[in-house]
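A closer look at the structure
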Amino acid sequence: MLIPVIIGVTFIVYSIMFFTPGDPALIILGENAPEEQVEKLREEMGLNDPFIIQYLRFLKNALKGDFGRSYSTRKPVFNEVFSRFPATLKLSTAGLLLAVAIGIPIGIISATRQYSLLDSITMVLALLGVSMPNFWLGLMLILLFSVRLGLLPSGGDVGFASLILPAITLGTGVAAIITRMTRSSMLEVIRQDYIRTARAKGVAERRVINKHALKNALIPVVTVIGLQFGYLLGGAVLTETVFSWPGVGRLMVEAIKQKDTPVVLASVIFMSVVFSIVNLLVDILYAFLDPRIKSQYR
Amino acid sequence: MAESILKVKGIKKYFSTPKGMLHAVDGVDFEMEKGETLGLVGESGCGKSTIGRVILRLLEPTEGEIYFEDKNISQLNKKEMIKLRRDMQIIFQDPFSSLNPRLSVSEIIAEPLIIHNIVKKKNSELEKEVLRLMDLVGLAKRLVNAYPHELDGGRRQRIGIARALALRPKFIVADEPVSALDVSIQAQILNLLQDLQEELGLTYLFITHDLSVVKHISDNIAVMYLGKLVEKAPADELFRNSLHPYTQALLSAIPVPSIKSKRERIILKGEITSPIDPKPGCRFAARCNYAMDRCFKEDPELTEVGNNHHVACFLVEEKANN
Amino acid sequence: MSSSVTTEKDTNLKSQAGKKRSQWGEVWRRLKKNHMAMIGLIIMIILILLAVFANQIADYEEVAIKQNTANRLQGPSRENWLGTDNFGRDIFARIIHGGRISLMVGVVAVGIAVLIGGTLGAIAGFYGGRVDNLIMRAMDIFLAIPSILLAIAIVTALGANLFNLMLAIGISSIPGYARIVRASVLTVKDQEFIEAARAIGASDFRIITKHIIPNALAPVIVQGTLGVATAILSTAGLSFIGLGVPKPRPEWGSMLSDGRTYLWEASHITTFPGLAIVITILALNLLGDGLRDALDPRLKQ
């Protein structure tokens, strides 16, 4: 399933970019370039070929890791994107870890004390968390911790301290979603007969939760975490912009401003492929966690 | 003799599943006369509901022919089929899922009338007809604007019956019409169905897994096992003189309300044969106490043994020969 | 044709006897009991009214657009409730005019997504088999592209303006609705009343419109409400990176982006538009959650 998805994704993104108004040759050479020179470059770049030929050529080159050259820097696009990827991966992973570290325990505690004050506060905070645009949260965090308190750097990738604010920014929304998901999944499991049976047998409450409820409750949460990774990659575009974080997202935003189509194209495809691979891993993990489901991938 | 209303010939319905072809119905023939009730009995999964749906062409048969009033209806196109719907209707098992929860009682009963333009868009006429049908099935007038979820199972089943009767059909498939109901309500609905039959001259194909339900209302009973008919006879004959080991086991399972009667229960053992790509041989052989070598090799045919009594069993055949 | 007959008949029968208690009526009663959902609904009504009467409250050209540099970067005051921005424009006025765009993009984008995604999902669910496979595999491919990235790609390609923004956000959320509608149709399709409708000779069209869609609608309503929230967030996000409506038209995301430069001197420029977004999204989430509970059949009775 992974390969058709990747081909499909490249096709969609390539065709979107293909029908972008504006002549790439003109963009490279500048508006005032002489006609013959533009035509020569068009011929060189194969821009006069039909769409499908251009796409197949793109696909063939892409398989070799060649996504063309950036219009603005003239460097190979793949190298550009790939060199930025570690920063994005670092940020997304930090955000995800933070979200999981906060979301799962709080969700469990909240579920075991349904309707308590703690539960209500958690739910309100979680609702706020999903309602906040992360780029605004980022700005507010900068305002508080960098501008007012002067505790943390407001941008760039300069050591661990500079990772804290972006990770919180990116992770908050996901943490809220994971909290809500864990709580509702946990509540559902707790109501099952086998949990009542375990309690009736006299199993200690702690053991009921840890041994019987948790594993079953976490199965749907795992899927959600996988899907959220896509959200994280998307959200990274905005978070990276806010914090001048040198990742793929910021590269993409810069490329959009410079109409550097190959870079935008490669960034979107790259992130989609990463997202697809993550989802594949989640599917495999899912089958591993839930013995009722046999993995389709073997 | 009364005239034939329905005849099915060699009906087969296979479903493709990941494991292979599921033979839900595997060659069934029978004939029904106008005004009769044929009880079709079998355990769940034996294909009895599938037959009902194939007759109404809600499912397309894999093979076989269906004749309704001597007309082959297995090849009718969509338009002709819609016309035929006026003559053939169905009552469903589950009075909860068989009614659209977003429609009121009157809307449900009126829908067939609107689709078939039976009442010519005159509202008062439509209303009158809906009320007549409600009265016919014993629903109070005040329920006209109620919604199904506000009513109990018995009333909901009456709505389903009224909907089926709206088109004034001649033939009705009653697919387990009482098995989802409380026992006290079961009797009411059975009586209603019998009264309606007398009043409107209906023909019923009455599908059920419960022999005791079918006993009182059927003229003839057909017993089905894993896609095939194993025995078919007039109701009294079947209860008095059942021949197929499976029928005998079914009959022995009917509870008798008496402390004196001590009967031998026939307990079936063995695995149920898989209906997916079955091997040749009697489908019941694996659970049959009398199974012989032959039963595992050949398919027994449904043959008449007199008194309109048909049975598909080598044991019976051999007894007759000796 | 047939639908008009039903409605006429309805009114006719209503006079007959018994009060008509539709299921939607019950949903509304359950929703009314949910305080959080009602708070969300009231906030949404206020926001919609502010957006509709934005011109009556603060003139677009005079207050929201016209620059007045003498009055720039002022904090909240009696004249400018939420202060002024770097061009001396009233932030409150810009927020309510921006709200028009946010709500419009949100609703239209969800409308596009529900219409296209819903139709695809309904076809896939109803006909099944190869059609289903084809449609859903295509949707899987779309889902593999994180939706904000897809929206970014589309707006980059088509150019940043209001219409393209709605189109991009709408298209990028199609697969979600296709999945939901398909799942919903599959559950409804297996119910016996669909078979009953077929048995009385109802056409496919009638079965889909009269029996399947009304019963498959609940999850779509919930998802649609939450989807408007997501669409508003996406709009703000795209505007923030310069892919929104062209300036000087006020939009929450671009107001935030403009305020960034003045975070040190005048943080209110960034704070208030952000709060506007949070309040809107919060209200929609409250309403959406409330609708989910009110529509959930498991909670009935």
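Residues numbered from 1 in each chain as written. Chains lettered and ligands numbered in written order. Predicted model: local features only at pLDDT ≥ 70, side-chain atom pairs only at ≥ 80, totals over all residues. Heavy atoms only, no water.

**Some thoughts on the pattern of salt bridges**
Residue and element names in this part refer to chain B. Rules: Salt bridges are defined as contacts in which a side-chain nitrogen from Lys or Arg sits within 4 Å of a carboxyl oxygen from Asp or Glu. Secondary structure elements are taken from DSSP: a helix is a run of H or I of four residues or more, a strand is a run of E of two residues or more, and numbering for both begins at the N terminus. Relative accessibility thresholds used throughout: buried, under 20% of the residue-type maximum; exposed, over 50%; partly exposed, between the two (1.4 Å probe, protein chains only).
Applying the stated criterion across every chain yields a total of 31 salt bridges over all chains. Linking Glu69 and Lys34 is a salt bridge whose minimum nitrogen-to-oxygen distance equals 3.3 Å. You can see Glu69 sitting in the loop between β4 (63-68) and β5 (71-72) and its partner Lys34 sitting in the loop between β2 (20-33) and β3 (37-41), a full 35 residues away along the chain. You can call Glu69 partly exposed: its relative accessible area is 29%. Between Arg287 and Glu43 there is a salt bridge, with the nearest N and O atoms lying 3.4 Å from each other. One end of the pair, Arg287, is in the loop between α9 (245-252) and β11 (303-304); the other, Glu43, is in the loop between β3 and α1 (48-55), with 244 residues separating them in the sequence. According to the relative accessible area criterion, Arg287 is buried, its value standing at 12%. In this structure Glu43 comes out as partly exposed when scored by relative accessible area, which is 24%. One network of salt bridges, in which partners are shared, links Glu3, Lys34, Glu69 and Lys170.

**Structural notes on the domain arrangement of chain B**
All names here are of chain B. Our working definition: Domain segmentation is taken from an automatic or database assignment of domains. Using a 1.4 Å probe, buried area is obtained as the accessible area two parts lose upon being combined, added over both of them. Pairing of N or O atoms within 3.5 Å defines a polar contact, subject to two protein rules: one partner must be a possible hydrogen donor and the other a possible acceptor, and residues neighboring in sequence count only if both atoms are side-chain atoms. In this count, Pro and Cys sit with the nonpolar residues alongside Ala, Val, Leu, Ile, Met, Phe, Trp and Tyr, while Asp, Glu, Lys and Arg are called charged and the others, Gly among them, polar.
Examined at the domain level, chain B breaks down into domain 1 (4-87 + 169-321) and domain 2 (98-168). Between domain 1 and domain 2 lies a buried interface of about 1,300 Å² when both sides are counted; carbon and sulfur atoms form 72% of it. Counting the surface domain 1 buries against domain 2, the share from its top three residues, Arg86, Pro169 and Leu192, is 39%. Where domain 1 packs against domain 2, one counts zero salt bridges. Taken together, the connections running from domain 1 to domain 2 amount to two residue pairs in polar contact (both at pLDDT 80 or more). Looking at the side of domain 1 that touches domain 2 residue by residue, the class counts come to twelve nonpolar, one polar and four charged.

**Some words on a nonpolar patch on the surface**
Our working definition: Here the term patch refers to residues with relative accessible area over 30% and no salt bridge, with like charges joined within 9 Å and nonpolar side chains (Val, Leu, Ile, Met, Phe, Trp, Tyr) within 5 Å. For the area figures, the Shrake-Rupley method with a 1.4 Å probe applies, and any residue is considered shielded solely by the protein chains shown.
A contiguous nonpolar patch, built from Leu117, Ile121, Val124, Leu125 and Leu128 of chain A together with Met36 and Ile39 of chain C and spanning about 640 Å² of accessible area, is present on the exposed surface. For the nonpolar patch, the secondary structure elements donating two or more residues are α6 (117-131) of chain A together with α3 (35-52) of chain C. Relative to the helices and strands, Leu128 of chain A resides in helix α6.

**Things to note about the sheet that holds strand β1 (residues 4-17) of chain B**
Residue and element names in this part refer to chain B. Note the following rule: One requirement defines pairing of two strands: DSSP has to find at least two bridges between them.
With antiparallel pairing, four strands are arranged side by side in an open sheet as β2-β1-β4-β5. Of all the strands in the sheet, the pair left with one neighbour each is β2 and β5. Inspection of the sheet shows β1 paired to β4 by five bridges, in the antiparallel sense. Each bridged residue has a counterpart across the sheet, and for Leu6 the counterpart in β4 is Phe68.

**Quick notes on the packing of aromatic side chains**
When we look at a pair of aromatic rings, we describe it by the centre distance and by the angle of the planes. All names here are of chain A. Quick reminder of the rule: Any two rings among Phe, Tyr and Trp, with Trp reduced to its six-membered ring, count as a pair given centres within 6.5 Å; such a pair is stacked if its planes are under 30 degrees apart, edge-to-face if over 60, and tilted if neither.
Summed over all chains, the structure comprises 17 aromatic pairs over all chains. With a centroid separation of 6.0 Å and 35° between ring planes, the pair formed by Tyr14 and Phe51 is classed as tilted. With a gap of 37 residues between them, Tyr14 in helix α1 (residues 2-18) and Phe51 in helix α4 (residues 51-63) connect regions that are remote in the sequence. Among the aromatic residues, those joined into a ring-pair cluster are Phe11, Tyr14, Phe51, Tyr55, Phe58, Phe67, Phe78, Phe82, Phe85 and Phe270.

**Observations regarding unusual backbone geometry**
The phi angle of most residues is negative, glycine excepted, and most peptide bonds adopt the trans form. With omega at 5°, the peptide bond leading from Lys247 of chain C into Pro248 of chain C counts as cis. Topologically, Pro248 of chain C is positioned in the loop between α12 (204-240) and α13 (252-260). The phi angle at Arg57 of chain B is positive, at roughly 60°, despite the residue not being glycine. Looking at the element boundaries, Arg57 of chain B is found in the loop between α1 and β4. Note on Arg57 of chain B: relative accessible area 11%, which makes it buried. Even without a glycine there, the phi angle at Glu69 of chain B is positive, about 50°.

**Focus: the environment of Gly98 of chain C**
Threshold: The contact criterion used throughout is that any non-hydrogen atoms of two residues lie within 4.5 Å.
The topology assignment puts Gly98 of chain C in helix α6 (residues 91-127). Residues within four places of Gly98 of chain C in sequence aside, it is in contact with Pro250, Glu251 and Trp252 of chain C.

**What to know about the packing of α1 of chain A against helix α12 (residues 261-289) of chain A**
The packing of two helices is summarised by the inter-axis angle and the distance between the axes. Residues and elements named next belong to chain A. What counts is decided by this rule: With axes taken as lines fitted to C-alpha atoms, and helix axes fitted only over the stretch in contact, angles between N-to-C directions fall between 0 and 180 degrees. Oblique is the label for any angle not under 35 degrees, not over 145, and not in the 65 to 115 range, which are roughly parallel, roughly antiparallel and roughly perpendicular in turn. Should the near helix be turned anticlockwise from the far one by less than a right angle, the crossing is termed left-handed; should it be turned clockwise, right-handed.
Packing of α1 against α12 brings their axes to within 10 Å, and their N-to-C directions diverge by 155°. Comparing the axis directions of α1 and α12 gives the class roughly antiparallel. α12 is crossed by α1, and the crossing has right-handed handedness. Contact with α1, carried on its side by Leu2, Val5, Ile6, Val9, Thr10, Val13, Tyr14 and Met17, involves Thr261, Val264, Leu265, Val268, Ile269, Ser272, Val273, Ser276, Ile277 and Leu280 of α12 and no other residues of that element. Along the lines of polarity and charge, the residues of the contact of α1 with α12 split into 14 nonpolar, four polar and no charged.

**A short note on the sheet that holds strand β9 (residues 220-225) of chain B**
Residue and element names in this part refer to chain B. Pairing is mixed across the open sheet formed by eight strands, whose spatial order is β6-β7-β8-β3-β9-β10-β12-β11. The open sheet is flanked by β6 (88-91) and β11, the only strands paired with a single partner. Where strand β7 (residues 171-175) meets strand β8 (residues 203-208), five bridges bridge the pair, whose relative direction is parallel. Within β8, the position partnered with Val173 by the bridge is Leu205.

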